[in-house]
Every structure is written in C-alpha cells, then in structure tokens.
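# Tertiary structure, described
Chain by chain, the residues run as shown.
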Amino acid sequence: MLAALAAPLAAQDWAFPHRTHLAMGLDCGTCHSAARDSSEAGDNLLPGGALCEACHNGQTAPAIDTAPLSGRAGTARSFRFDHSFHLGLGEIAPLVAAAIDSGNYFGKPGDARRFLDSAGECGACHRGLAESTRVVPGAHMPQMADCIVCHTKIDNPFSCPDCHVEGADLRPADHTREFIDTHSTGKAGLDKISCQPCHGRVVSDEPGSSG
C-alpha cells in the first residue's frame, strides 16, 4: 500500500477535488492564503507545490508531481478586483441571497440561491466548491450579476471602466453586425434577463415594470 502511495502520480493523472479537501476540514485560506492580501484580479492565488507535498508525500496521501504548480504566472483579467478589500467587508452572501429572493438580482441566478445560506466569506462568490470534484476554469467564478448587487451603477458604456480594465473587449461573441441590426426587431429570440447585467432593465410605463 505504501509503495503504491509513494509512486508520484503524473500531472495529467490527478485532478484537484475541492469536495474532498473541504470535507477534511480544510478551509479556503489553507490553500489560498495569498487572497487575504491580494489587490489585483490577476494575482496568482493558487497554492505552490510545497503546500501540497505536506500531505501528498506518499504516506499521508498519494504522492503527486507538483512541478506544474511552480512558477505559474497570474491570469490576465478583463476586470479589476481587490480580494483584501472585499474580504474585509464581512459576509456578502446574505446580500446576494436577498437580491435573489426579492427579484432584484440582475441576471439568471441559476442554482446560486442554495449555496448562499452557509456560504462563508469565499463561497458567496465562488459557489459550489463543496461539491466540486475537478477544477474547471471559470466554473466557480462569480457572475457580473453578483457584482451588481453592490455595484449598482449601470450606464453602458460609461460605467464599464469603473470595474473593467481599459481596452478590454467586453462585447459578447454573438453581438455581431447582424445582431445589432436585428436585436430590436423581436426576431432574435432574446432572453432579456441575460442582457440586464450590462444594460440594466428597460423602464416601461406598464404596471409592474422596473427600471
């Protein structure tokens, strides 16, 4: 048994299961301690190989090839984000939950609501990690609708630079020349809820409408 554990798994043969590690009692700060002082969205907040090797030593847990974990650069982002500032605000999950419950959430909440009652300071934005068995890039990142719960100013395109870096291409792939010509005709079959994070809500004189 120990011999099997001592043979390091190659990088392509192991995947990180958040579910397993969180169930063992580890919390987000154990592996992502750099988030506490991070002020740039592109900072590399992933753990280094030495932290993983503390357990993955072939005895406590299977040995793994940690070489791919070393020397990684940060990820280019189209937005600005200060983890240290937001973590200092306290619980964000109740604010997002209240927006969903009241119908004031701009966008599709999907199954977000079920994660928010006990989300903790990280789980409000990075939802579903306690069920995650494999890291999928972007899968547990917050949506723009989450940010707008607090950052309520929507005045496209003038408010975009408040959060997004200069020169970022924020136009969705389906916003082609043809889309611009047809989207207001009713023929495009738009799901208007998905438009709200960037464009807000259309003000109407009809009863029950919101702006």
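Residues numbered from 1 in each chain as written. Predicted model: local features only at pLDDT ≥ 70, side-chain atom pairs only at ≥ 80, totals over all residues. Heavy atoms only, no water.

Looking now at the nonpolar core. Grouped together as the largest cluster of nonpolar side chains are twelve residues: I92, A93, V96, A97, A99, I100, Y105, A112, L116, A119, A124 and A145. The biggest single contributor to this core is helix α6 (residues 93–102), with five residues. In this structure, A93 is in contact with L116, A119 and A124, ignoring residues within four places of it in sequence. (Core = buried A, V, L, I, M, F, W, Y, C linked by side-chain atoms within 4.5 Å. Buried < 20%, exposed > 50% of the residue type's maximum accessible area, 1.4 Å probe, protein only. Helix = DSSP H or I, 4+ residues; strand = E, 2+ residues; numbered from the N terminus. Contact = heavy atoms within 4.5 Å.)

Owing to its 3.6 residues per turn, the α-helix brings residues three or four apart onto one side. Among the residues of α6, those classed as buried are A93, V96, A97, A99 and I100. Relative to the axis of α6, the buried residues are bounded by an arc of 160° and lie together on one face. Tucked into the core, α6 has its buried residues touching α8 (144–148). Just past α6, the residue G103 takes up positive phi, approximately 80°. (Arc of directions from axis to C-beta.)

Before going further, it helps to spend a moment on the confidence of the model for the protein chain. The share of residues in the protein chain with pLDDT of 70 or more is 89%, and the mean pLDDT across the chain is 85. In the model, residues 205–211 has pLDDT below 50 throughout and makes six contacts with residues more than four positions away in sequence or in other chains. (pLDDT = per-residue confidence, 0-100.)

So, on to the pattern of salt bridges. Pairing is possible between side chains that carry opposite charge, provided their charged atoms lie close to one another. Tallied over the full model, the rule gives nine salt bridges. Residue E121 pairs with R36 through a salt bridge whose shortest N-O separation is 2.7 Å. Of the two residues, E121 is situated in helix α7 (residues 120–123) and R36 in the loop between α3 (28–31) and α4 (49–53); the sequence distance between them amounts to 85 residues. Owing to a relative accessible area of 35%, E121 belongs among the partly exposed residues under this scheme. Of the charged contacts in the structure, one is a salt bridge between D117 and R113, with a shortest N-O distance of 3.0 Å. (Salt bridge = Lys/Arg side-chain N within 4 Å of Asp/Glu carboxyl O.)

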